[in-house]
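Structural features, examined
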Amino acid sequence: MTSPDAAGSIQQSLASLRATFRARFEAASTEQALRDENAKILGKKGELTAVLKQMGAVPADARKSIGELVNAVKQEVEGAFEDRLKALARAARAAELDAPAFDLTLPARPPSPLGHAHPISKVRDEIVDVLVSLGFAVHDGPEVELEENNFGKLGFPPDHPATDMQDSFWTTSGTLLRTHTSNIQIRAMTSHAPPMAYIAPGVVYRRDDDATHSPMFHQIECFLVDEHVTLANLRGVLSEFAERFFGAGTPVRLRPSYFPFVEPGAEVDVGCPFCRRPDGTRAGCSVCKRTGWIEILGCGMIHPVVFESCGIDPEKWTGFAFGMGVERVAMVKYGIPDLRLLFENSPRFLAQF
Ligand SMILES: [Zn+2]
């Protein structure tokens, strides 16, 4: 529906817009403010757009001249917007050039801190270094192992509690995640002829999870097979290991113990590194539970049954073996109270090592 008044109304709106838009653009002091102001006029819900919507009501004879007028105003607004945009850009550039010069002598940003080896890896590498320096070579082997290599050939009776479903992770019948790195003893002795001196660092798995046990942990097994090997040789290697790893003058003591694959077997304590007095005695502290000693590993003379199951003559060859938990040694070395801290991967904890 047309109305003669529509033309007049449009003319009035255009006149008032024309009188104000330049001042409104000038008042915008940033590019964003300018774009916002422009949208208020030319945007979808802008003032000029609203005027255009009234064109339908203009009588046909006036439509051409009103149309031209609307277009003219639109072009003026667009031109003024572009001019003001350029002016703001020039002003910004001028301000940048007038600003104080860049100080090229300022120090650079510090580089991001580098990571480092996990404490378990560090301690494992240190233990391996000491034993390699004593003449042992590293021997590797699989984490998924046959039952006979993990238990049977090591002299575990078939009903030994360690073989129970509660203690081991079985993959299929007769195959399990190794519960110790002693499987390497079997693999080395069935594939090499003695003499031999190996260490076997690696990951082992047991169904245990508390403050001092983890279902996955690291062990280092060390064994030597030769003629005339005695307990004195074992004791000598352990003393030398304690001296080199925990520091000069660290005493070692053996306490009789039982493991299926050694005879005799012993648990090994080292003098507590935390409460040592200058005269070499121990004062006793919370880490060693006031005893001055810390248990770090199990050891013994390789059982004749183990030699026989690997096809080695126990009348001719003798040997010793010892194995330690890397986490246990790391906890002793660094005074870490809870094993689980080693596996939580908190950067705040790991950054301390
Ligand atoms: Zn102590």
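Below you will find a few notes about this structure. Worth saying up front: this structure is predicted, and the values here are computed from it rather than measured. Residue positions are given per chain, counted from 1 along the sequence in the order it is written. Thresholds applied to this predicted model are a pLDDT of at least 70 for local features of residues and 80 or more for the giving and counting of side-chain atom pairs; totals over whole chains, interfaces and linings are not thresholded and use all residues. Here the side-chain values reflect all heavy atoms present in the structure, with hydrogen atoms and water set aside.

Take the coordination of the zinc ion next. Any two of four tetrahedral donors ideally make an angle of 109.5 degrees at the metal, while pairs among six octahedral donors ideally make 90 or 180 degrees. Metal donors: N, O and S atoms at distances within 2.8 Å, or within 3.2 Å for Na, K and Ca, with water omitted from the atom set so that some sites may seem incomplete. Around the zinc ion, the protein supplies C272 (SG), C275 (SG), C285 (SG) and C288 (SG) as donor atoms, at distances of 2.2 to 2.3 Å. Working rule for geometry: tetrahedral if four donors all subtend angles between 85 and 135 degrees; square planar for four, octahedral for six, if opposite donors exceed 155 degrees and the others stay between 65 and 115; irregular in every other situation. Geometry at the zinc ion is tetrahedral, judged from its 4 donor atoms and the angles of 107 to 115 degrees they form at the metal. Taken in sequence order, the residues that donate to the zinc ion follow the motif C-x2-C-x9-C-x2-C. Taken as a pair, C275 in the loop between β8 (262–271) and β9 (293–302) and C288 in the loop between β8 and β9 lie far apart in primary sequence, 13 residues in all. In this structure, C275 and C288 share a single accessibility class: buried. Runs of H or I in DSSP of at least four residues are treated as helices and runs of E of at least two as strands, each being numbered from the N terminus. Buried means the residue's accessible area, taken with a 1.4 Å probe over protein chains only, is under 20% of the maximum for its type, while exposed means over 50%, and partly exposed covers the values in between.

With that settled, the discussion passes to the pairing of strand β6 (residues 216–226). Among the 11 residues in β6, 9 count as buried, and that is most of the element. Only when DSSP finds a minimum of two bridges between them are two strands counted as paired. Here strand β5 (residues 196–205) pairs with β6 via 10 bridges, running antiparallel. Across the sheet, the residue bridging to P201 is I220, located in β6.

Here we take up helix α4 (residues 60–98). An ideal rise of 1.5 Å per residue puts 57 Å on 39 residues; α4 measures up with 57 Å between its terminal C-alpha atoms. The complete set of buried residues in α4 reads A62, I66, G67, V70, V73, V77, A80, F81, R84, L85 and L88. In this scheme, a helix's expected span is set at 1.5 Å multiplied by one less than its residue total.

Bringing the pattern of salt bridges into the picture now. By salt bridge we mean one thing: a side-chain nitrogen of Lys or Arg within 4 Å of a carboxyl oxygen of Asp or Glu. Summed over all chains, the structure comprises 17 salt bridges. One salt bridge in this structure joins E31 and R35, with 2.9 Å as the shortest N-O distance. Placement of both E31 and R35 in helix α2 (residues 31–42) is noted, with a separation of 4 residues, approximately one turn of the helix. On the basis of relative accessibility, which here comes to 44%, the residue E31 falls in the partly exposed class.

Bringing the packing of aromatic side chains into the picture now. Stacked, edge-to-face and tilted labels apply to pairs of Phe, Tyr and Trp rings (six-membered ring for Trp) whose centres lie within 6.5 Å, assigned for plane angles under 30 degrees, over 60, and everything in between, in that order. Applying the stated rule across the entire model yields 12 aromatic pairs. Ring geometry for Y334 against F353: centres 4.8 Å apart, planes inclined by 65 degrees, an arrangement best described as edge-to-face. On the criterion of sequence distance, the pair formed by Y334 in helix α10 (residues 326–334) and F353 in the segment after α11 (347–350) is long-range, its members being 19 residues apart. For Y334, a relative accessible area of 28% translates into the label partly exposed. Accessibility expressed as a relative area gives 17% for F353, which makes it buried. What links up through ring pairs into an aromatic cluster is the set F151, F156, W170, F259 and F261. Charge over a ring is defined by NZ of Lys or CZ of Arg lying within 6 Å of the ring centre and within 35 degrees of the ring normal. The ring of F245 has K333 lying over it, and the distance from NZ or CZ to the ring centre is 4.9 Å.

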